[in-house]
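Below are the chains, spelled out letter by letter.
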Amino acid sequence: MNDNAMSPSDPVNILLVDDQPAKLLSYEVILDGLGDNLIKAGSAREALEHLLKKEIAVMLIDVCMPDLDGFELAAMIRGHPRFQRTAIIFVSAIAMTDLDRVKGYEHGAVDYVPVPVVPELLRAKVRIFAELYRKTRQLETLNIELENRVRERTAELAQANAELEQRVEERTREREMALAQVHEMQKLESLGQLTGGLAHDFNNLLMAALSNLDLLSKRVQNDPIAKRLIDGAIQSGERGAALTKRMLAFARRQELKPEIVDVARLVGSMAEMLQRSLGPSIQIGMDFSGDLALIRADRNQLELAILNLALNARDAMPEGGRLTLTARRDRLGGGAQGLAPGDYLSVSVTDTGCGMDEATLKRAAEPFFTTKGVGKGTGLGLSMVYGLAAQSGGGTRISSRIGSGTTVELLFPVIEGGQTTETGAPARNAAAECKPCHVLVVDDDSMVAESTAAMLSDLGHTVVIASSAPGAMERIRAEAKIDLVITDHAMPGMTGVELAKQIRQARPELPIILATGYADLPGGDDLGLPRLAKPYRQAELETMVAKLQAAEPDLNVIPIASGRRA
């Protein structure tokens with residue numbers, strides 16, 4: 001507030017006008033307790049002198065005075081624009097008629113007090129008008145400040161408007177670039193859908209091939225050459241299965257779960273794929289310290305993140321260069337990168353490319369931000385890498401200099417005493433517990449259905465096949481001795497989940513296994529069914545059936561033995 005503004009406790013000037021000194025003294029005694037400045041005038045002329053020299057809040061004027069009476073003095077005061085709002089109170093012991101009061105109010109009085117005055121009444125009236133004067137002054141000060149602020153804000157708005165126009169032009173250019181990026185994202189989404197569909201079809205083909213190879217392998221145990229050839233074919237099939245998993249991860253249709261990972265082994269298994277992706281002009285180096293700990297992360301997402309970083313590095317080295325992948329143990333103190341203090345595994349991807357300036361480095365992880373031309377990048381790769389590290393409980397650091405290359409470092413909390421989950425054919429640890437039963441296999445792909453049936457028959461089960469969901473329901477209604485249903489999910493007309501709902505209405509005790517290449521079902525509505533991920537092997541199938549027969553609590557199903565009907 002303005003320094004000259006009047007506060008509620010500041011004293012004001014009160015002018016007492018009367019030609020009799022005794023009355024002035026009595027007014028002074030009555031009003032002395034108000035704490036205001038009391039100014040006395042013995043005539044109208046003296047009163048006018050005080051008015052011109054000082055700010056008067058309230059005037060107490062006697063009506064009957066020699067030179068100028070109170071009415072004439074009030075008329076002169078109200079005639080001056082400076083004193084239009086000065087509070088005038090008339091005091092009189094003679095002019096007490098109603099006409100006198102009306103005349104007083106016509107001359108600008110705010111009140112008319114008879115003599116003898118009541119001290120409390122006079123004091124209260126003067127106090128009210130003095131307080132009104134203070135409030136008026138405060139409002140005037142506030143109004144001046146408001147006008148000043150309005151002028152300041154108007155100037156600021158004018159400047160902001162000019163800046164806004166400039167920003168609109170910049171945003172318009174950015175919007176055009178964003179629209180181009182959205183177009184690229186739509187193409188990427190279409191590519192992802194196509195990739196997911198192709199991967200699912202490959203899973204069905206690999207399913208039939210691997211299952212037949214498993215069965216054939218049992219029959220050539222005494223032929224080492226045939227056994228070696230079959231094992232080579234199985235290894236090729238497993239590599240194909242790993243490739244389809246990467247394709248499904250790219251299409252976001254693969255179930256992604258954290259697991260304990262050996263980073264050195266994971267990156268080492270990617271060496272051949274990285275070299276083919278980067279081309280012969282880029283050398284790949286790997287440097288892993290000997291005390292590497294295990295981490296918990298999504299294996300497929302981590303592979304995809306490293307591949308994204310490698311491809312970004314390739315684009316930064318159009319003339320060739322060197323890509324170095326390193327891993328080391330790092331201990332962080334409190335507050336570093338916003339991470340909890342503790343031991344972390346640092347996985348770094350370093351290139352010898354063109355590098356980034358400071359402005360580009362600050363925006364590098366922003367979604368949709370890219371330095372590549374239209375059609376050459378979506379700006380999502382690095383943001384996906386950041387998201388993976390954050391979701392795994394870690395963080396990301398990036399450093400770069402123009403002409404000196406770029407290093408992207410992923411930090412993951414270490415897992416002490418963990419063991420990795422190795423891929424490959426699972427051990428047959430449930431064979432002794434797997435009892436023969438009647439199984440209904442439902443799959444619209446005849447090769448998959450026949451291969452699954454062959455594996456089950458080899459395990460001693462009795463198998464019937466249905467090529468569609470309606471056909472499966474007919475079998476279930478007709479054959480009460482069916483103990484277990486293994487159904488594909490992606491089938492025309494009715495999905496495996498929808499079929500499972502109908503089966504549960506007809507036979508709620510019947511166990512159901514969902515076999516699918518799509519682990520992430522729409523809406524997550526899988527009814528809690530146990531699942532087999534295609535392509536599955538005979539040992540996996542055997543283990544799943546044994547678990548259902550044993551009714552393991554985590555599968556939330558009814559035992560096959562108790563569900564069998566006569």
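As a starting point, this report considers the structure included with it.

Rules used in this analysis
Residues numbered from 1 in each chain as written. Predicted model: local features only at pLDDT ≥ 70, side-chain atom pairs only at ≥ 80, totals over all residues. Heavy atoms only, no water. Helix = DSSP H or I, 4+ residues; strand = E, 2+ residues; numbered from the N terminus. Buried < 20%, exposed > 50% of the residue type's maximum accessible area, 1.4 Å probe, protein only. Contact = heavy atoms within 4.5 Å. Areas by Shrake-Rupley, 256 points an atom, 1.4 Å probe, with all protein chains shown as cover. Pairing = 2+ DSSP bridges. Axes fitted to C-alpha atoms, helices over the stretch in contact; angles between N-to-C directions. Patch = residues over 30% accessible without salt bridge, like charges linked within 9 Å, V, L, I, M, F, W, Y side chains within 5 Å. Salt bridge = Lys/Arg side-chain N within 4 Å of Asp/Glu carboxyl O. Parallel < 35°, antiparallel > 145°, perpendicular 65-115°, else oblique. Left-handed = near helix turned anticlockwise from the far one by under 90°. Nonpolar A, V, L, I, M, F, W, Y, C, P; charged D, E, K, R; others polar. Arc of directions from axis to C-beta. Phe/Tyr/Trp six-rings, centres within 6.5 Å; stacked < 30°, edge-to-face > 60°. Core = buried A, V, L, I, M, F, W, Y, C linked by side-chain atoms within 4.5 Å.

## A short note on the overall build of the protein chain
In terms of regular secondary structure, the protein chain is built from 16 helices and 17 strands. Burial statistics for the protein chain: of 566 residues in total, 43% are counted as buried. Long-range pairs, those at least 24 residues apart, make up 70% of the contacts in the protein chain with a sequence separation of at least 6. Carbon and sulfur atoms form 54% of the exposed surface of the protein chain, whose accessible area is close to 29700 Å².

## Quick look at the side chain of T86
Mapped onto the elements of the fold, T86 is located in the loop between α3 (70-79) and β4 (87-92). Residue T86 is classed as buried on the basis of its relative accessible area of 6%. Sequence-distant contacts of T86, that is, excluding residues within four places in its chain, are made with I56, A57, M59 and R78.

## Quick look at the sheet that holds strand β14 (residues 462-466)
The strand order across the open sheet formed by five strands is β14-β13-β15-β16-β17, and the pairing between neighbours is parallel. Across the chains shown, the open sheet's two edge strands, defined by having one partner strand only, are β14 and β17 (531-533). Direction aside, neighbouring strands of the sheet carry axes that sit 20° apart on average. Where helix α12 (residues 446-458) meets the sheet, its contacts fall on β13 (438-442), β14 and β15 (484-488), and the angle it forms with β14 comes to roughly 170°. This element, helix α14 (residues 496-506), spans β13, β15 and β16 (512-516) of the sheet and lies at about 170° to β16.

## A word on a nonpolar patch on the surface
Together, F202, L205 and M447 make up an exposed nonpolar region whose accessible area comes to about 280 Å². Take L205: it is sitting in helix α5 (residues 119-219). Of the residues examined, L205 reaches a relative accessible area of 44% and is grouped as partly exposed.

## Let's talk about the packing of helix α2 (residues 44-53) against α3
Look at α2 against α3: their axes get within 11 Å of each other, and the N-to-C directions meet at 25°. Overall, the two elements α2 and α3 adopt an arrangement that is roughly parallel. At the point where α2 passes α3, the crossing takes the right-handed sense. Side by side, α2 and α3 meet where A44, A47, L48 and L51 of the first sit next to L73, M76 and I77 of the second. Of the residues contributing to the contact of α2 with α3, the split by class is seven nonpolar, no polar and no charged.

## As for α2
The set of residues buried in α2 consists of A44, A47, H50 and L51. All buried residues of α2 fall inside an arc of 115° around its axis, so they share one side. When the buried face of α2 is taken as reference, the exposed residues oriented beyond 90 degrees from it are R45, L52 and K53.

## Section: the sheet that holds strand β2 (residues 37-41)
Strand order in the open sheet formed by five strands is β2-β1-β3-β4-β5, and the pairing between neighbours is parallel. Looking at which strands have only one partner, the edges of the open sheet turn out to be β2 and β5 (111-114). In this sheet, adjacent strand axes meet at a mean angle of 20° when their direction is disregarded. In this sheet, β4 lies alongside strand β3 (residues 56-62) in parallel orientation, the contact comprising five bridges. Across the sheet, residue V58 finds its bridge partner in β4, namely A87. The sheet contacts of α2 involve β1 (13-17), β2 and β3, and relative to β2 the element is tilted by about 140°. Against the sheet, helix α4 (residues 98-106) makes contact with β4 and β5, and its axis sits at roughly 140° relative to β5, the strand it touches most.

## Re unusual backbone geometry
The linkage connecting V115 with the following residue, P116, adopts the cis geometry, with an omega of 10°. Inspection of the secondary structure puts P116 in the loop between β5 and α5. Cis geometry marks the peptide bond from K534 to P535; its omega dihedral reads -5°.

## What to know about the packing of helix α13 (residues 469-478) against α14
The geometry of α13 relative to α14 is characterised by a closest axis approach of 10 Å and an angle of 15° between their N-to-C directions. In this view, α13 runs roughly parallel relative to α14, as classed from their interaxial angle. Here the hand of the crossing between α13 and α14 comes out right-handed. Contacts from A469, A472, M473 and I476 of α13 reach α14 at L499, Q502, I503 and A506. Residue composition of the contact of α13 with α14, grouped by class: seven nonpolar, one polar and no charged.

## With respect to the packing of aromatic side chains
A complete count under the given rule lists two aromatic pairs for this structure. Here the aromatic rings of F71 and F90 are separated by 5.2 Å at their centres, their planes lie at 80°, and the arrangement is edge-to-face. Here F71, found in helix α3, pairs with F90, found in strand β4; they are 19 residues apart in sequence, far enough to count as distant. Judged by relative accessible area, which is 0%, F90 ranks as buried. Seen in terms of ring centroids, F90 and Y112 are 6.0 Å apart; in terms of plane orientation they differ by 55°. Their pairing is tilted. Linking F90 in strand β4 with Y112 in strand β5, this pair joins segments that are 22 residues apart in sequence.

## Looking at the nonpolar core
Counting 34 residues, the largest nonpolar core has V263, I295, L302, L323, L325, L410 and F412 as the members making the most contacts within it. Among the elements that make up this core, the one with the highest residue count is helix α9 (residues 299-316) (seven residues). Once residues lying within four places of it in the same chain are set aside, the contact partners of V263 are I295, A327, L345 and V347. Core analysis: the second largest hydrophobic core is formed by 23 residues, V448, M455, L484 and I486 among them.

## Regarding the pattern of salt bridges
Tallied over the full model, the rule gives 25 salt bridges. A salt bridge links E131 to R134; the shortest N-O distance between them is 3.2 Å. Pair noted here: E131 and R134 are both in helix α5, with a separation of three residues, about one helical turn. Within this structure, D36, E131, R134 and K135 form a network of salt bridges that share partners.

Purely geometric stuff here, so don't read any function into it on its own.
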